Amino acid sequence: MDLQQIRYFLALAKELHFWNTAGKMNITQSALSRHIQALERELGLQLFERNKRNVKLTPAGSFLKEKWETELSKLEFIHQFARQIHLGESGTIRIAHPDSISGSIMPEIMARIAQALPKLQIELVQLMYENQQEFLRNYKIDLIITRDNNNAPGIQSKKIYTDHLSIVVPEDHPYRSVEDLSKETLEGQKFILPVKDEGSSYSDIIQRLFKSFDLVPDVFMHSEFGSTIIAMVKKGLGIAILPDSYMYHESPGLRFIRLPFQTDLYVNWRADDHNPVLSNILKLILE
């Protein structure tokens, strides 16, 4: 038995006329009869009662018509879904990204994906720096957007965006512009900084910033989460250095002072991953 034989049976069960059914299925009447007879032999039962004038379903044929119509519809849906996955139009993609771009470029990227691939399911996660490569290599995520250019074996990396670091201060803070920043004025400040990750190029940029002022900062607190740092700054517990993309988080009561230090964003993925969904996502992100 094959799916085409079941389709022939369902067509005949609907028409109850061999000649009409054969015409609609684009086969000869004798070929249709052979397929139905082969199906009956394989099942060991009679599907139709036939005479020279009439064709009607047997009770067993009526039962199979009802069941096979439902199952064939389910199977067609499964096959269609598989084709969508094969073409990279459906399935699930897991993307990790830093908190800093949640309000800046991530909504634009997600809108682009949603418009081009409306049936795709997307999972957005945020990871600690030390977990990023392990999660990517072990297929726990499919893409990572980071502020680090990843040179690890088996991982490809490409720059997609650049923004700047900013000093973040409460709105009533005396700092108004970058001209207010100097070693002397910064020495009196308490800093709330991201966790220092060894080997992170983003951490290195922050350290270069302090070296440019010949300053050893008085660090009051470290946090992995930029939203937490922003909340601490608003509370008056210190000042911070963050990417200026945090300005899009709509946090009133803060002032961002842009610094002449750039921070790049990279998309990273497994070099040997040929998933068509991933390929389509990369085209949309990198276009």
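Small disclaimer: the values here were computed from a predicted structure and weren't measured.

### Quick look at the layout of surface pockets
Phase 1: In this structure, the largest pocket encloses a volume near 510 Å³.
Phase 2: Considering the residues around the largest pocket, the lining is formed by 29 residues, among which Pro 98, Asp 99, Leu 127, Gln 132 and Glu 224 are closest to the centre.
Phase 3: Those elements giving two or more residues to the lining of the largest pocket turn out to be strand 5 (143-146), helix 8 (201-212), helix 9 (226-234) and strand 9 (239-243).
Phase 4: Among the residues forming the lining of the largest pocket, the class breakdown is 15 nonpolar, 9 polar and 5 charged.

### What to know about the packing of helix 1 (residues 3-15) against helix 2 (residues 18-25)
Phase 1: Taken N-terminus to C-terminus, the directions of helix 1 and helix 2 make an angle of 135°; their axes are 9 Å apart at the nearest point. Looking at the two axes, helix 1 sits oblique to helix 2. The way helix 1 lies across helix 2 gives a crossing that is right-handed. Of the residues in helix 2, those in contact with Gln 4, Arg 7, Tyr 8, Ala 11, Leu 12 and Glu 15 of helix 1 are Phe 18, Asn 20, Thr 21, Lys 24 and Met 25.

### Let's talk about a nonpolar patch on the surface
Phase 1: Together, Phe 77, Ile 78, Phe 81 and Ile 85 give the surface a local cluster of nonpolar side chains, amounting to about 390 Å² of exposed area.
Phase 2: With respect to the element layout, Ile 78 can be found in helix 4 (residues 59-86).

### Let's talk about unusual backbone geometry
Phase 1: At Tyr 139, a position not held by glycine, the phi torsion is positive, near 60°.
Phase 2: Following the sequence through the fold, Tyr 139 ends up in the loop between helix 6 (132-137) and strand 5.
Phase 3: For Asp 214, which is not a glycine, the phi torsion comes out positive at approximately 55°.
Phase 4: Structurally, the position occupied by Asp 214 is in the loop between helix 8 and strand 8 (218-223).

### Looking at the packing of aromatic side chains
Phase 1: Applying the stated criterion to the full structure yields 3 aromatic pairs.
Phase 2: Look at Phe 9 and Phe 48: their rings are 5.5 Å apart centre to centre, the planes differ by 55°, and that puts the pair in the tilted class. With Phe 9 in helix 1 and Phe 48 in strand 1 (residues 48-50), this residue pair connects regions lying 39 residues apart in the sequence.
Phase 3: Judged by relative accessible area, Phe 9 falls into the buried class, the value being 0%.
Phase 4: Between Phe 9 and Trp 68 the ring centres are 5.3 Å apart and the planes differ by 85°, which places this aromatic pair in the edge-to-face class. One end of the pair, Phe 9, is in helix 1; the other, Trp 68, is in helix 4, with 59 residues separating them in the sequence. With respect to class, Phe 9 is no different from Trp 68; both count as buried.
Phase 5: In this structure, Arg 147 is placed above the aromatic ring of Tyr 202, and the distance from its NZ or CZ to the ring centre is 6.0 Å.

### Things to note about helix 2
Phase 1: Within helix 2 the residues assigned to the buried category are Phe 18, Thr 21 and Ala 22. Buried residues along helix 2 cover an arc of 100° about the axis, so they all sit on one side. Relative to its buried face, helix 2 has exposed residues pointing more than 90 degrees away, namely Trp 19 and Lys 24.
Phase 2: Considering only its buried residues, helix 2 is in contact with helix 1, helix 3 (29-43), strand 1 and strand 2 (55-57).
Phase 3: Following helix 2 by one or two positions, Asn 26 has its phi on the positive side, about 60°.

### Looking at the side chain of Gln 5
Phase 1: Among the structural elements, Gln 5 can be located in helix 1.
Phase 2: Setting aside its immediate chain neighbours within four residues, Gln 5 contacts His 35, Ala 38 and Leu 39.

### Some details on the packing of helix 2 against helix 3
Phase 1: At their nearest, the axes of helix 2 and helix 3 sit 9 Å apart, and the two run at 100° to each other. Looking at the two axes, helix 2 sits roughly perpendicular to helix 3. Contact residues: Phe 18, Trp 19, Thr 21 and Ala 22 in helix 2; Gln 29, Leu 32, Ser 33 and Ile 36 in helix 3.
Phase 2: A class-by-class count of the residues in the contact of helix 2 with helix 3 yields 5 nonpolar, 3 polar and no charged.

### What about the pattern of salt bridges?
Phase 1: Tallying each qualifying case throughout the model produces 15 salt bridges.
Phase 2: Arg 50 serves as the salt-bridge partner of Glu 40, at 3.0 Å between the closest nitrogen and oxygen. Of this pair, Glu 40 sits in helix 3 while Arg 50 sits in strand 1, placing them 10 residues apart in sequence.
Phase 3: Overlapping salt bridges bring together Arg 94, Asp 142, Arg 270 and Asp 273 as one network.

Conventions and cut-offs
- Residues numbered from 1 in each chain as written.
- Predicted model: local features only at pLDDT ≥ 70, side-chain atom pairs only at ≥ 80, totals over all residues.
- Heavy atoms only, no water.
- 1 Å grid on protein atoms, 1.4 Å probe; cavity = no way out; pocket = protein on both sides within 12 Å on 5 of 7 lines; lining within 4 Å.
- Points joined across faces, edges and corners; volume = space filled by probe spheres on them.
- Helix = DSSP H or I, 4+ residues; strand = E, 2+ residues; numbered from the N terminus.
- Nonpolar A, V, L, I, M, F, W, Y, C, P; charged D, E, K, R; others polar.
- Axes fitted to C-alpha atoms, helices over the stretch in contact; angles between N-to-C directions.
- Parallel < 35°, antiparallel > 145°, perpendicular 65-115°, else oblique.
- Left-handed = near helix turned anticlockwise from the far one by under 90°.
- Contact = heavy atoms within 4.5 Å.
- Patch = residues over 30% accessible without salt bridge, like charges linked within 9 Å, V, L, I, M, F, W, Y side chains within 5 Å.
- Areas by Shrake-Rupley, 256 points an atom, 1.4 Å probe, with all protein chains shown as cover.
- Salt bridge = Lys/Arg side-chain N within 4 Å of Asp/Glu carboxyl O.
- Phe/Tyr/Trp six-rings, centres within 6.5 Å; stacked < 30°, edge-to-face > 60°.
- Buried < 20%, exposed > 50% of the residue type's maximum accessible area, 1.4 Å probe, protein only.
- Lys NZ or Arg CZ within 6 Å of the ring centre and 35° of its normal.
- Arc of directions from axis to C-beta.

Function-wise, these values are silent; they only describe arrangement.
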